[in-house]
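One letter stands for each residue in the lines below.
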Amino acid sequence: MATAAAKKILTPLQLGSLTLKNRVVLAPLTRNRASAGDVPSDLSVTYYEQRSSAGLIITEASQVTNHGKGYPSTPGNYSDAQVEGWKKVVSAVHAKDSKIFLQLWHCGRVTHSSYHPEAGLPIGPSAVPAAGTTLTAHFKNEPFETPREATHEDIKNVIEAFRKGAENAKKAGFDGVEVHSANGYLLDQFLEDKTNKRTDEYGGSFENRTRLLLQVVDAVNTVFPIERVGVRLSPFSSFNDIADSDWKNLFAYVITQLDKRKIGYLHVIEPRWIAAEGSAEAANDNTSHFRKLFSGVYIAAGGFSPASGEAAVQSGAADAIAYGRHFIANPDLPTRIAKDAPLNPYDRTTFYGGDAKGYTDYPFLAESA
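Residues numbered from 1 in each chain as written. Predicted model: local features only at pLDDT ≥ 70, side-chain atom pairs only at ≥ 80, totals over all residues. Heavy atoms only, no water.

## So, the side chain of His67
Thought 1: Note on placement: His67 falls in the loop between β4 (56-63) and α2 (80-95).
Thought 2: The class for His67 is buried, based on a relative accessible area of 14%.
Thought 3: Engagement of the side chain of His67 in a polar contact is seen with the backbone oxygen of Leu121, the distance being 3.0 Å.
Thought 4: Ignoring sequence-local partners within four residues, the contact set of His67 consists of His106, Thr111, His116, Ala119, Gly120, Leu121, Pro122, Ile123 and Arg148. (Helix = DSSP H or I, 4+ residues; strand = E, 2+ residues; numbered from the N terminus. Buried < 20%, exposed > 50% of the residue type's maximum accessible area, 1.4 Å probe, protein only. Polar contact = N/O pair within 3.5 Å; in protein donor to acceptor, adjacent residues only side chain to side chain. Contact = heavy atoms within 4.5 Å.)

Encoded structure:
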C-alpha cells in the first residue's frame, strides 16, 4: 500500500492557471437543504467549509432558472439572494485554501409544473415523458409530465440562462463552473436519441444533438476562460429514463468536440454496478476509450474507494477522483486517505433533505478516534 508521501492522489494538480492542492474532488451532491427562495443556507456554508481539504469542490447542482428546478430545496443561481448565499460558501472554502466550481443545471423534462406554475409544463427536446414518478413541490409522488417540445426561443433562453448562471457564479467568487450534461437532465436529453426526436438543427445527427451543449459551453466561456469550464457526462447512465441507440459513438463524438474546445476538465460518471455490454471488462474498455479521447484534466466519479481511486490516478486512468458518499460521511477524507484511516459509514436516510443530521455532524478523524 502506498504511503502518504507516495500517494499520487494527494499530490497537486494543475487545472489551467489553478493549482489544486490534491486530486481528491468533492463530487456534486444534491442534498436538498436550501433555505427559502432556494438560497444556500448557513448550514450549507458549514457543510462545504468542512470538506475544504478537497483539492476541488464541485457544488451540488444549482438550477440556472426556476423553470429548470426539478426537486425540493435545491439551490438556485439566478436571484440576487442566491448569489449572496453562494458568496458565503465561496468565502468559507477559499479561507481553507481550496478551489470551488459551481455546477450549472437545468432539469428539462424531469422538472414538474408545480415548481414553476407560471411557466407551465417542463420543456424537453421532444414531447417524450420520462417513465416513473417524481416528487412534486407539494411533496407528492406523481407521474412525470409530458414535456413541451422546446422552441427555438426556449433554446435561446436556456443558453442565456446558463450564461447568466456563469455570470452570477463569477459575482459570487467561484473559481469556475461545471456544465451539467449528465444523468438525464436537459443537456443530456438533447444528446440522447431516446429523448431527442427532433428533425431540426438540434436533432438527428450527433453534430445536431451536441449543438446545444456546445452552445452552452461557448456561452459560459464568454464569462469564464475555457480553462475554468468543466463538463460532466454520464455515458453509462440510464438515470431519468435516458438512453441512446449508439451511445458509445455518440459520447466519443461529444468528448472529441469538448476536447477541441480545450475545456478545463471532463468529469465522467463511470459504471458502478451496471456493466456496459454485460461485462465489467467491456465497461472498463469503454471508459479507457473515452479517457484516450480527452487530452485535458479527466475527473472520474463512480463508487471509488480510497484504494481504487489511488490506483486509477496512478495508472493514468484519471487525473483526479470525485468522491460522493464517502465525502458526505468523511469531511476530512483526504486526511483519512493519507493515514489509511477507517472511514465513517454513511447514512443513506439523511442524503436528501433534513437538517444537520447526516449533513454537518459526521465526525472528523480526531473526534472519532
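Picking up where we left off.
## Here's the deal with the packing of helix α1 (residues 42-50) against α2
Thought 1: Where α1 meets α2, the axes come as close as 9 Å, and the angle between the chain directions of the two elements is 25°. By the angle class used here, α1 and α2 are roughly parallel. Like other packed secondary-structure pairs, α1 and α2 cross with a definite hand, here right-handed. Across from Asp42, Ser44, Val45, Tyr48 and Glu49 in α1, the residues of α2 making contact are Trp86, Lys88, Val89, Ala92 and Val93.
Thought 2: Of the residues belonging to the contact of α1 with α2, the class tally is 6 nonpolar, 1 polar and 3 charged. (Axes fitted to C-alpha atoms, helices over the stretch in contact; angles between N-to-C directions. Parallel < 35°, antiparallel > 145°, perpendicular 65-115°, else oblique. Left-handed = near helix turned anticlockwise from the far one by under 90°. Nonpolar A, V, L, I, M, F, W, Y, C, P; charged D, E, K, R; others polar.)

## Brief notes about the sheet that holds strand β14 (residues 320-323)
Thought 1: Ordered in space as β3-β4-β5-β10-β11-β12-β13-β14, the 8 strands form a closed barrel in which the pairing is parallel. Across the sheet, the axes of successive neighbouring strands diverge by a mean angle of 25°, strand direction being ignored.
Thought 2: Sitting on the sheet, helix α3 (residues 152-172) is in contact with β5 (99-105) and β10 (176-180), with an inclination near 155° to β5.
Thought 3: Sitting on the sheet, helix α6 (residues 247-260) is in contact with β11 (229-233) and β12 (265-269), with an inclination near 175° to β11. (Pairing = 2+ DSSP bridges.)

## What about the pairing of β11?
Thought 1: Most of β11 sits inside the fold, with 5 of its 5 residues counted as buried.
Thought 2: Taking every second residue as pointing to the same face, both faces of β11 are buried, with Val229, Val231 and Leu233 on one and Gly230 and Arg232 on the other.
Thought 3: Strand direction decides the pairing type here: β10 and β11, joined by 4 bridges, are parallel. In the strand pairing of β11, His180 is matched with Arg232.
Thought 4: Across 4 bridges, β11 lies against β12 in parallel orientation. Bridging from a neighbouring strand, Leu233 pairs with Val268 of β12.
Thought 5: Each parallel crossover has a hand, and the one from β11 via α6 to β12 is right-handed. (Right-handed = clockwise from strand over helix to strand, strands pointing away.)

## Focus: α6
Thought 1: Taking 1.5 Å per residue as the helical rise, α6 with its 14 residues ought to reach 20 Å, and the 20 Å between its terminal C-alpha atoms agrees with that figure.
Thought 2: Those residues of α6 that sit buried are Trp247, Leu250, Phe251, Ala252, Val254, Ile255, Gln257, Leu258 and Asp259. (Expected span 1.5 Å × (residues − 1).)

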